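Observations on chain architecture
Here are the chains, one letter per residue:
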Amino acid sequence: MGKYELPPLPYSYDALEPNIDARTMEIHHTKHHQTYTDKLNAALDKCPSDIQNKDIVEILSNIDQVPADQKSAINFNGGGFDNHRIFWQNMKANGGGEASGSIAAAINDSFGSFSAFKEKFSSSTVLIQGSGWGWLVYNPSSKKVEYKSMPNQTSPRTEGLIPLLGCDVWEHAYYLKYQNKRPDYISAWWNVINWQDVSERFDKAKK
Ligand code: MN
């Protein structure tokens, strides 16, 4: 058995309907996230024990320490494993609305207002070429939150950034319901954001 297991969803597959459909959620979780998990475990099996003994968050944050022959596999599948477990937690039934508390103040500080943040996040994430993620991250260097687009499954952690809120824009995340209409999927995704989870990640990231 591998080091990592597919984490259960914190809600049922149909919980995010009609914004994200149950069939997409089930395939995304049981097939895509499962595959990243399995391939992460397979890559870790080929790593030296000092890497195997580290948590995946620490490995991604120090990706250059991974041996060259496994670096790409860990970057992709370790990123995929970690990104998706954040993504599930970032959403909930009856979510959405505006951020509140300390994360709301940080968003206002970086972007000017919540609506300016939403516009920046949406327009930049729509434009990601091919597969990737849009992220709200915490930058420990500037001590501010920032928007960051990442390609494929590469984690923001590989650039020293702490992921707070991610929007998966791989076609597997929306194609069954939205086909080529990525902007419609992103619009719907705002309705299911779990701001409490984002806020807790922000509070932890600042420490
Ligand atoms: Mn995905």
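Residues numbered from 1 in each chain as written. Predicted model: local features only at pLDDT ≥ 70, side-chain atom pairs only at ≥ 80, totals over all residues. Heavy atoms only, no water.

Moving on to the packing of aromatic side chains. Tallying each qualifying case throughout the model produces 21 aromatic pairs. With a centroid separation of 5.0 Å and an interplanar angle of 55 degrees, the aromatic rings of Phe111 and Phe117 are classed as tilted. Residue Phe111 shares its accessibility class with Phe117, and that shared class is buried. With a centroid separation of 5.5 Å and an interplanar angle of 75 degrees, the aromatic rings of Phe121 and Trp190 are classed as edge-to-face. Of this pair, Phe121 sits in helix α6 (residues 114-126) while Trp190 sits in the loop between α8 (182-189) and α9 (195-206); the two residues are 69 residues apart in sequence, bridging distant segments of the chain. No difference in accessibility class separates Phe121 from Trp190, as the two residues are buried. By way of ring pairs, the aromatic residues Phe111, Phe114, Phe117, Phe121, Tyr147, Trp189, Trp190 and Trp195 are connected into one cluster. (Phe/Tyr/Trp six-rings, centres within 6.5 Å; stacked < 30°, edge-to-face > 60°. Buried < 20%, exposed > 50% of the residue type's maximum accessible area, 1.4 Å probe, protein only. Helix = DSSP H or I, 4+ residues; strand = E, 2+ residues; numbered from the N terminus.)

Along its 13 residues, α6 runs 18 Å from first to last C-alpha, staying within 8% of the 18 Å computed at 1.5 Å per residue. Inspection of α6 places Phe114, Phe117, Phe121, Ser122, Ser124 and Thr125 among the buried residues, and these make up the whole buried set. At its buried positions, α6 is contacted by α5 (102-111), β1 (132-139), β2 (144-151), β3 (162-168), α8 and α9. (Expected span 1.5 Å × (residues − 1). Contact = heavy atoms within 4.5 Å.)

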